[in-house]
Amino acid sequence: MSMNQLYDIAVVGSGPAGLTAALYARRAGKSVLVIEKENFGGQITFSPKIENYPTAMAISGAEFAEKLLAQAEAHGTVLEMDNIAAMERQGAEFVLKGEYGQYRAKAVILATGSRHRTLGLAHEAELTGRGVCYCAVCDGAFFKDQDVAVIGGGNTALQDAVFLSELCTSVTIVQNLPELTGDPVLQQKIKELENVSVICEATVDTLLGEKQLTGIRILRGAEKTPEVLAVSGMFVAIGQQPENEPFASFSALDGYGYLIADERCTTDTAGVFVAGDCRTKQIRQVVTAVADGAAAALAACRYLDQ
Ligand SMILES: Cc1cc2nc3c(=O)[nH]c(=O)nc-3n(C[C@H](O)[C@H](O)[C@H](O)COP(=O)(O)OP(=O)(O)OC[C@H]3O[C@@H](n4cnc5c(N)ncnc54)[C@H](O)[C@@H]3O)c2cc1C
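Residues numbered from 1 in each chain as written. Predicted model: local features only at pLDDT ≥ 70, side-chain atom pairs only at ≥ 80, totals over all residues.

When its secondary structure is counted, the protein shows 7 helices and 17 strands. Each of the three principal axes of the protein carries a C-alpha extent, and together these read 60 × 35 × 35 Å. Expressed as a percentage of its 306 residues, the buried residues of the protein come to 41%. Residue pairs in contact within the protein that sit at least 24 positions apart in sequence constitute 60% of those at least 6 positions apart. (Helix = DSSP H or I, 4+ residues; strand = E, 2+ residues; numbered from the N terminus. Buried ≥ 20, exposed ≤ 12 C-beta atoms within 10 Å, placed from the backbone. Contact = placed C-beta atoms within 7 Å.)

As structure tokens, then:
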């Protein structure tokens, strides 16, 4: 692409939110550049199977992402591979600074997503989608009538455990701290569930299984006593990591690093919009990300047409 080209809209991030924003903006006649630092399609590409996106009974994340990308491209979206490390305002324009170039646009949509924190264990990446999961709502149904573990003790972990208890034979919560840290109401609910047990002061040490998770080895207590839990699913619920620091001077971040915005997808800065998992919201799913993409794109179009 030409470094001098001024786009109507630059979108940072090519997940479901960013690519949907591009589709809507292109169909409204705007020139659109989408900049992606890692893989086009975003984090959904790592999902082996999506069963909760309306109209698709079952589709792999990779195929879903491919279709999204093809649709955005067919409508004339320009794609660029770069990692945006900084953003500046120059008059009425925004300049996005990447490792390989600088990109100019009249409006910007931030769709940077967020990452699930991982445990950092050997084979964790290989076993992701093969027993190792980071989203109970997305993948819980694949573990019906099976034994699973939830790693973490905060609200997300406890909510995941409650959700999974209705599907799975047993749920074991493994928490590294001496006690659970989620809301007392959730803790009470956990106590009442017969098929949920809690192990505190324990860390996961080893993932068992080659092609599919067959169990986890945990180290318990101060003595770090090893114990194997025979589970076919492990749901890691130790938080998410948004990557919004380069944009913090344009839009306030909450205490967890999410861009503060409601479903209108507008920010503190006129001309800067946010969409998808990177913003403050309750439910981080494909269906909510694509909804944001549409809202942000149409808000950006209104801004440009003022
Ligand atoms: C294993 C797995 C399974 C899942 N299964 C389901 C499911 O079954 N159903 C469901 O609804 N949801 C599922 N999800 C959640 C779903 O993937 C997300 O909610 C959705 O992808 C969010 O879309 P997004 O566009 O907001 O962000 P993302 O998909 O996270 O995309 C953001 C993109 O921005 C890029 N980016 C970030 N910073 C920069 C930068 N500075 N410069 C350039 N590019 C940048 C990132 O590389 C990334 O590609 C799953 C997630 C995972 C990890």
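From this point, the narrative continues.
Taken together, the neighbourhood of the ligand is formed by 39 residues, with Gly 13, Gly 15, Gly 42, Gly 113 and Gly 276 sitting nearest. Taken together, the elements giving at least two residues each to the shell around the ligand come down to α1 (16–27), β2 (32–36) and α7 (286–305). Each residue belonging to the shell around the ligand can be placed in one class, and the counts come to 16 nonpolar, 17 polar and 6 charged. Shared between two domains, the shell around the ligand takes at least three residues from each, and those domains are domain 1 (6–116 + 240–305) and domain 2 (124–236). (Near = placed C-beta within 6 Å. Nonpolar A, V, L, I, M, F, W, Y, C, P; charged D, E, K, R; others polar. Domains from an automatic or database assignment.)

Here we come to the sheet that holds strand β8 (residues 132–133). If you trace the 5 strands from one edge of the open sheet to the other, you get β8-β15-β9-β10-β11, paired in parallel fashion. Of all strands in the sheet, those with a lone pairing partner are β8 and β11 (196–199), marking the two edges. Judged from the 2 bridges that link them, β8 and strand β15 (residues 233–236) form a sheet pairing that is parallel. By the bridge assignment, Val 132 is partnered in β15 with Met 234. (Pairing = 2+ DSSP bridges.)

For the rest of this paragraph, the subject is the domain arrangement of the protein. With domains assigned, the protein is organised as domain 1 (6–116 + 240–305) and domain 2 (124–236). With centres defined by C-alpha atoms, the gap from domain 1 to domain 2 works out at 32 Å. Each partner contributes to the interface: domain 1 provides 7 residues, whereas domain 2 provides 7 residues. For the side of domain 1 that touches domain 2, the class distribution of residues is 2 nonpolar, 4 polar and 1 charged.

Looking at where Glu 201 falls in the secondary structure, it is placed in the loop between β11 and β12 (202–208). Judged by local crowding, Glu 201 falls into the partly exposed class, with 15 C-beta atoms found within 10 Å. Measuring from C-alpha to C-alpha, the distance between Glu 201 and Leu 219 comes to 8.4 Å, with 18 residues separating the pair along the chain. In this structure, Glu 201 is in contact with Pro 178, Arg 220 and Gly 221, ignoring residues within four places of it in sequence.

Our focus in this paragraph is the sheet that holds strand β13 (residues 215–220). Spatially, 3 strands are ordered β12-β13-β14 in an open sheet, and the strand pairing comes out antiparallel. In the strand order of this sheet, the two ends are held by β12 and β14 (225–229), each with one partner. Neighbour to neighbour, the strand axes of the sheet diverge by 25° on average, direction disregarded. Where β12 lies against β13, 6 bridges are found, and the strand directions are antiparallel. Residue pairing for β13: Leu 208 is matched across the bridge by Gly 215. (Axes fitted to C-alpha atoms, helices over the stretch in contact; angles between N-to-C directions.)

In an α-helix, one turn spans 3.6 residues, which is why side chains three or four residues apart end up on the same side. Between its first and last C-alpha, α1 extends 16 Å over 12 residues, near the 16 Å set by a 1.5 Å rise per residue. Along α1, 11 of the 12 residues are buried, which leaves the element largely enclosed by surrounding structure. Those residues of α1 that sit buried are Pro 16, Ala 17, Gly 18, Leu 19, Thr 20, Ala 21, Ala 22, Leu 23, Tyr 24, Ala 25 and Arg 26. The inward-facing, buried residues of α1 contact β1 (6–12), β2, α2 (61–74), β6 (102–110) and α7. Two residues or fewer after α1 comes Gly 29, characterised by a positive phi angle close to 90°. (Expected span 1.5 Å × (residues − 1).)

Here we come to the pairing of strand β4 (residues 86–90). Sheet analysis places β4 next to strand β5 (residues 93–97), joined by 5 bridges and oriented antiparallel. From the neighbouring strand, Arg 89 faces β5, where its bridge partner is Phe 94.

Quick look at the packing of helix α5 (residues 155–165) against helix α6 (residues 184–192) now. Close contact between α5 and α6 brings their axes to 10 Å; oriented N to C, the two are set at 35°. In the crossing of α5 with α6, the sense of the turn from one axis to the other is left-handed. Contacts from Asn 155, Leu 158, Gln 159, Ala 161 and Val 162 in α5 reach Leu 186, Gln 187, Lys 189 and Ile 190 in α6. Class assignment for the residues of the contact of α5 with α6 results in 5 nonpolar, 3 polar and 1 charged. (Left-handed = near helix turned anticlockwise from the far one by under 90°.)

Their axes nearest at 7 Å, the elements α1 and α7 cross at an angle of 40°. It follows that α1 is oblique to α7 by the angle criterion. The two elements α1 and α7 cross, and the hand of that crossing is right-handed. Here α1 contributes Pro 16, Ala 17, Gly 18, Thr 20, Ala 21, Tyr 24 and Ala 25 to the contact with α7, which in turn contributes Val 286, Ala 289, Val 290, Asp 292, Gly 293, Ala 294, Ala 296, Ala 297, Leu 298, Ala 300 and Cys 301. (Parallel < 35°, antiparallel > 145°, perpendicular 65-115°, else oblique.)

Within the chain, His 123 stands out as a residue other than glycine whose phi angle is a positive 70°. Mapped onto the secondary structure, His 123 falls in the loop between β7 (114–116) and α3 (124–127). Accessibility expressed as a C-beta count within 10 Å gives 15 for His 123, which makes it partly exposed. In this structure, Cys 265 is a non-glycine residue whose phi angle is positive, near 65°. Counting through the fold element by element, Cys 265 comes out in the loop between β16 (240–242) and β17 (272–274).

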